[in-house]
Amino acid sequence: MKRLASILLVAAALGSCSKGNTDSPTPPAPSTSQISLVPSQPIDYISKIEEYVVSGYDVRTRTLVYTYHFEYDDQKRLISISYREGDGSKWPILYGDRTITLLYPGTNEDGGKEEDRLTLTPEGRVSEHSTISYKKNKEGVLVKEVTLRGKDYVYDSEGHQLSHTLTEYNTSSEWKDGNLVKRTFTYTGDQSHRRPDVLTQEYSSIPNRSFPDLNLIPKRFIDLRESRPYLWSHIKGTRSAKLISSQSLPLYENDGTPRGPMESRWAYKLDAKGRPIDLEMSLFFHNFWDRGMAYVITYLDK
């Protein structure tokens, strides 16, 4: 469905003062190497996620559709992801001067490369998210094209994202007890006639220590129109303190007539350390089971 998931500054300025001179030097803007780019709280790092489609009414069965692999450096920064074993589809992640770049494997239909790029504030939060691609112009020459995926990010004092804008819509978010409980998508431009989509979320008692962010891994319920949001929640301010137990989204016809609610319900199995090792998300329409997704999780530290 097309209508629809805080970083600490660690560089300190050293200053000195003497009689007759009370001016302090202005500290330089930190580079990415001076900013913590991993979640600040204790984290359970994930090395592999198997994604399944759940089907069947009387007897539920699972069909494997994707296997995600996550690779880290010695600082526990994510340096690559891959979606299938053995087919070369690895997505490297590069860290520059207040930028993070995810490189798409292979080339596009024009033979050019593509990448996602995050630009960071001095505090290590995302200020802009864009996709950069190289496509052929009329003369057959590869030229750079930039597609903006997000800008105008606003954060509260704790680093929670309050709003941001895209070409198609604006978002606003509400937080309670460290959890993102409501997100409103207001459409703009030639889509401004559309009713806003309002996603609400309830939470379990299970702490969200997962990285990548399990709250943003399931993607069949609502198209967030963000590129792999589960990788960036800690620097985009969308990371919640607890794991989700349910989501709800009212649906409407094109003329505004209510179609009824769609709801997702999340169930977890935990290991002896209290970490989720199995997540099943079931979709309900008018309170009837519609379909589901399941995720089997393997951790870096077994």
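Look a little higher up for the structure.
Residues numbered from 1 in each chain as written. Predicted model: local features only at pLDDT ≥ 70, side-chain atom pairs only at ≥ 80, totals over all residues. Heavy atoms only, no water.

1. Focus: the overall build of the protein chain
Here comes step 1: In terms of regular secondary structure, the protein chain is built from one helix and 17 strands.
Here comes step 2: Within the protein chain, the proportion of its 302 residues that are buried is 45%.
Here comes step 3: With the model as given, the accessible surface of the protein chain reaches about 15700 Å², and the carbon-plus-sulfur share is 51%. (Helix = DSSP H or I, 4+ residues; strand = E, 2+ residues; numbered from the N terminus. Buried < 20%, exposed > 50% of the residue type's maximum accessible area, 1.4 Å probe, protein only. Areas by Shrake-Rupley, 256 points an atom, 1.4 Å probe, with all protein chains shown as cover.)

2. Notes on the pairing of strand β10 (residues 169-176)
Looking along a regular strand, one sees the side chains alternate between the two faces of the sheet.
Here comes step 1: Side chains Y169, T171, S173 and W175 project from β10 onto a buried face, and the interleaved N170, S172, E174 and K176 project onto a face without burial.
Here comes step 2: Across three bridges, strand β9 (residues 161-165) lies against β10 in antiparallel orientation. Bridge pairing in β10 places S163 opposite S172.
Here comes step 3: As consecutive antiparallel partners, β9 and β10 are separated by three residues. (Pairing = 2+ DSSP bridges.)

3. A short note on the pattern of salt bridges
Here comes step 1: Throughout the structure, instances matching the rule amount to 13 salt bridges.
Here comes step 2: One salt bridge connects K273 with D301, and the closest N-O pair in it is separated by 4.0 Å. Taken together, the residues span a long stretch of sequence, with K273 in the loop between β15 (258-270) and β16 (276-285) and D301 in the segment after β17 (288-299) at a distance of 28 residues.
Here comes step 3: The exposure class assigned to K273 is partly exposed, which follows from its relative accessible area of 47%.
Here comes step 4: When salt bridges that share partners are traced, they join R62, D278 and E280 into one network. (Salt bridge = Lys/Arg side-chain N within 4 Å of Asp/Glu carboxyl O.)

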